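An overview of the molecular structure
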Amino acid sequence: QVQLVESGGGLVQAGGSLRLSCGASGRTFSNYGMGWFRQAPGKEREFVAAISLSGANTYYADSVKGRFTISRDNAKNMVSLQMNNLRPEDTAVYYCAAQFGDSYLYTRAWYDYWGQGTQVTVSS
């Protein structure tokens, strides 16, 4: 089993920045592709960003490309999401997720483990 714990959520003004972190334990972290998803009230959980096993490849939703950066540190069993130039429409609960391998990181159904989520609120 893999346990994921997010941190770093909070309230930020539009145009500001926030950094989310996710710590993993229980299994070999480097065997898992990692992703960030978000869910706003009344909407489906959507893909935000993902990173391959070694960190060599990253993937982003069009809505966040150029503003968000995903990274991982396998030695520390951690994945992070740096969010810059935040907008009110970024407001959501953000979830860290782990996928055994990295066959299809865009798809929610392929992820095996999920964190509890952390709230990000962007004020206008």
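Residues numbered from 1 in each chain as written. Predicted model: local features only at pLDDT ≥ 70, side-chain atom pairs only at ≥ 80, totals over all residues. Heavy atoms only, no water.

**Describing the overall build of the protein chain**
Tallying secondary structure elements over the protein chain gives 0 helices and 11 strands in all. Ordering the α and β elements of the protein chain from the N terminus gives β-β-β-β-β-β-β-β-β-β-β. Taking 14 Å as the expected radius of gyration for a compact globule of 124 residues, we find that the protein chain reaches 13 Å, a close match to that expectation. For the protein chain, the C-alpha atoms occupy an extent of roughly 40 × 25 × 25 Å along the three principal directions. Of the contacts formed within the protein chain by residues at least 6 apart in sequence, a portion of 59% connects residues at least 24 apart. As displayed, the protein chain offers around 6300 Å² of accessible surface, 46% of which is attributable to carbon and sulfur atoms. Of the side-chain charges in the protein chain, 11 are positive and 9 negative, and the distance between the mean point of each set is 3 Å. (Helix = DSSP H or I, 4+ residues; strand = E, 2+ residues; numbered from the N terminus. Rg over C-alpha atoms; globule rule 2.2 N^0.38 Å. Contact = heavy atoms within 4.5 Å. Areas by Shrake-Rupley, 256 points an atom, 1.4 Å probe, with all protein chains shown as cover. Lys, Arg positive; Asp, Glu negative; His and termini not counted. Charge placed at Lys NZ, Arg CZ, Asp CG, Glu CD.)

**Here's the deal with the packing of aromatic side chains**
The full count for this structure, using the stated rule, is 9 aromatic pairs. Ring geometry for Phe-37 versus Tyr-111: centroids 5.1 Å apart, planes at 80 degrees, classification edge-to-face. Linking Phe-37 in strand S4 (residues 32-39) with Tyr-111 in the loop between strand S9 (92-100) and strand S10 (113-114), this pair joins segments that are 74 residues apart in sequence. Across the pair, exposure class does not vary: Phe-37 and Tyr-111 are buried alike. With centroids separated by 5.7 Å and ring planes inclined at 65 degrees, the aromatic side chains of Tyr-59 and Tyr-106 adopt a geometry described as edge-to-face. Remark: Tyr-106 occurs in the loop between S9 and S10 and Tyr-59 occurs in strand S6 (residues 58-60); sequence separation between them is 47 residues. (Phe/Tyr/Trp six-rings, centres within 6.5 Å; stacked < 30°, edge-to-face > 60°. Buried < 20%, exposed > 50% of the residue type's maximum accessible area, 1.4 Å probe, protein only.)

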